[in-house]
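Observations on the three-dimensional arrangement
For reference, the chains in residue letters:
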Amino acid sequence: MRPTRLPATSRGRDEHVIALVVLPDTVGLEIAVAQQIFGRRMPSLAAVTGDIETPYEVVLVGEQPRVVLPSGVDPGELAPLDTMLEADTVLVPGLEEPLAPRSDALLGSIRAARDAGARMVSFCGGAFILGQAGVLDRKRATTHWVLSKEFREAFPLATLQAEHLYVDDEGVHTSGGIFSATDLALHLLALDLGQAYANDMSRILVSAPHRPGGQSQFIKPSIRLDDEPPVESLLRWLRDHLDEPLTLAQLAAHEHVSERTLVRRFRESTGMSVFDWITRERVNRAKELLERTDYRVSEIAAMVGLGSDESLRRNFERVVGTTASAYRTTFRGIGIGAGAGAGVGASAQAVPA
């Protein structure tokens, strides 16, 4: 069904407008990611979503009225740059020539949109345009790890976190390599419409709601023939046992390694400590239950392994930045295919092509 709540918008419209910047060297796949996740649903998915419409309006904008991308794709007519001034979100996809200087007209429009209150988003090398526009000054950001050296040299006022798949910093959202664009887009859906809605969309995409780890696991200097096996199987096991008491000794025994080795492998693979990761997953499970069920907070705390309602409240506010009750009030009933009593944790179903 169509979400009952609109994404955050300062314009008072019926839709949240995303200005998607298209330049002659834009990576076509990243345009497609944004259109697929935020744009009109394919009619073949109507049985899953209940509606082909979305609360977003994706408007392609550019310096020229029409361009043909390096991939040979013609994305169609482009709206003028000043369209960004009325947008709620400005999204800059990746570029084939991210280091190329950009026009004053483009950079000025991006700055003006930022000053007007638009949320600023970039995929991959699109961060270089936000950087040239000054949007990343005194902000944390990421881009493709291959571009780390050039990014640091070009934007010394920004703090590059190249190991992350995506980074948020006060209304500025950036992502790493091409496929982490999906991670960031799903994260934005969760911020706007709730975790359940984002999780349902991830099932439609046949994608993980949140990939463990970051770009650091793909950086070439770290790739070795004798690399230790990843921890993906352990992560799957943990998700199936979140409601149980878990100890480091238990997990190390499950993996047949020492506790010290487990801690090291886990951090190398996920960028997080074992129990920080477990807490985040428990909170995400709680978010779905708050959105989709009528269980009391104390019941949800037990169901996700946080024990007491006080433990859930404390960890929920630390991870999400709001209270569990406020989250439930805000996001209740938004999930694409969710009923009020829908269960959580069932196997995701692949959508037929």
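Residues numbered from 1 in each chain as written. Predicted model: local features only at pLDDT ≥ 70, side-chain atom pairs only at ≥ 80, totals over all residues. Heavy atoms only, no water.

The subject of this paragraph is the overall build of the chain. Within the chain, the regular secondary structure consists of 14 helices and 8 strands. Counting only residues that meet the buried cut, the chain has 47% of its 353 residues in that class. In the chain, once contacts between residues fewer than 6 apart in sequence are set aside, the share between residues at least 24 apart is 65%. (Helix = DSSP H or I, 4+ residues; strand = E, 2+ residues; numbered from the N terminus. Buried < 20%, exposed > 50% of the residue type's maximum accessible area, 1.4 Å probe, protein only. Contact = heavy atoms within 4.5 Å.)

The next subject is the side chain of Glu30. Looking at where Glu30 falls in the secondary structure, it is placed in helix α1 (residues 28–38). Contacts of Glu30, omitting those with residues within four sequence positions, involve Pro93, Gly94, Phe123, Cys124 and Ile178.

Once that is clear, we can look at the pairing of strand β7 (residues 166–169). Of the pairings in the sheet, the one linking β7 to strand β8 (residues 172–175) comprises 4 bridges and is antiparallel in character. In the sheet register, Val167 faces β8, and the bridge partner there is Thr174. Hairpin connection, β7 to β8: the antiparallel pair is bridged by 2 residues, and Glu170 has positive phi, about 50°. (Pairing = 2+ DSSP bridges.)

All right, on to α1 then. The complete set of buried residues in α1 reads Glu30, Ile31, Val33, Ala34, Ile37 and Phe38. For α1, the arc enclosing every buried residue in end-on projection is 155°, short of the 170-degree limit, so these residues lie on one face. Buried residues belonging to α1 abut β1 (16–21), β2 (56–61), β3 (89–92), α6 (180–193) and α7 (195–205). (Arc of directions from axis to C-beta.)

Another point: the nonpolar core. In this structure, Met84, Val90, Ile110 and Phe151 are the most contacted members of the largest nonpolar core, which totals 34 residues. Those elements that provide at least two residues to this core are β1, β2, β3, α3 (104–115) and α4 (127–132). Among the nonpolar cores identified, the runner-up in size contains 30 residues, and Ala34, Leu60, Ala190 and Met201 belong to it. (Core = buried A, V, L, I, M, F, W, Y, C linked by side-chain atoms within 4.5 Å.)

The next subject is the packing of α6 against α7. Two numbers describe how α6 lies on α7: the axes approach to 7 Å, and their chain directions differ by 145°. You can see that α6 and α7 cross each other, and the crossing is right-handed. When α6 is examined against α7, the residues Thr182, Leu186, Leu189, Ala190 and Leu193 are found in contact with a partner set consisting of Gln195, Tyr197, Ala198, Met201, Ser202 and Leu205. Classifying every residue of the contact of α6 with α7 by side-chain character gives 8 nonpolar, 3 polar and no charged. (Axes fitted to C-alpha atoms, helices over the stretch in contact; angles between N-to-C directions. Left-handed = near helix turned anticlockwise from the far one by under 90°. Nonpolar A, V, L, I, M, F, W, Y, C, P; charged D, E, K, R; others polar.)

This part is about the sheet that holds β8. Taken together, 6 strands build an open sheet; the order of strands is β2-β1-β3-β4-β8-β7 and the sheet is mixed. Each edge of the open sheet carries a strand with a single partner, namely β2 and β7. The average undirected angle you get between the axes of adjacent strands in this sheet is 15°.

A few words on the packing of aromatic side chains. Applying the stated rule across the entire model yields 6 aromatic pairs. When the ring of Phe128 is compared with that of Phe151, the centres are 5.6 Å apart and the planes differ by 90°; the resulting orientation is edge-to-face. In this pair, Phe128 is assigned in helix α4 and Phe151 in helix α5 (residues 148–154), connecting sequence segments 23 residues apart. As far as the burial class goes, Phe128 and Phe151 line up, both buried. (Phe/Tyr/Trp six-rings, centres within 6.5 Å; stacked < 30°, edge-to-face > 60°.)

Moving on: a nonpolar patch on the surface. Judged by side-chain polarity, Leu29, Ile178 and Phe179 come together as a nonpolar surface patch covering roughly 290 Å² of accessible area. Along the chain, Ile178 turns up in the loop between β8 and α6. (Patch = residues over 30% accessible without salt bridge, like charges linked within 9 Å, V, L, I, M, F, W, Y side chains within 5 Å. Areas by Shrake-Rupley, 256 points an atom, 1.4 Å probe, with all protein chains shown as cover. Salt bridge = Lys/Arg side-chain N within 4 Å of Asp/Glu carboxyl O.)

On to the pattern of salt bridges. One pass over the full model with this rule turns up 14 salt bridges. For the salt bridge of Asp74 with Arg66, the shortest nitrogen-to-oxygen distance reads 3.0 Å. Between Glu281 and Arg280 there is a salt bridge; the shortest N-O distance is 2.6 Å. With respect to class, Glu281 is no different from Arg280; both count as buried. In the salt-bridge network here, residues are joined through shared partners; they are Arg66, Asp74 and Glu77.

Geometric values such as these leave the question of function open.
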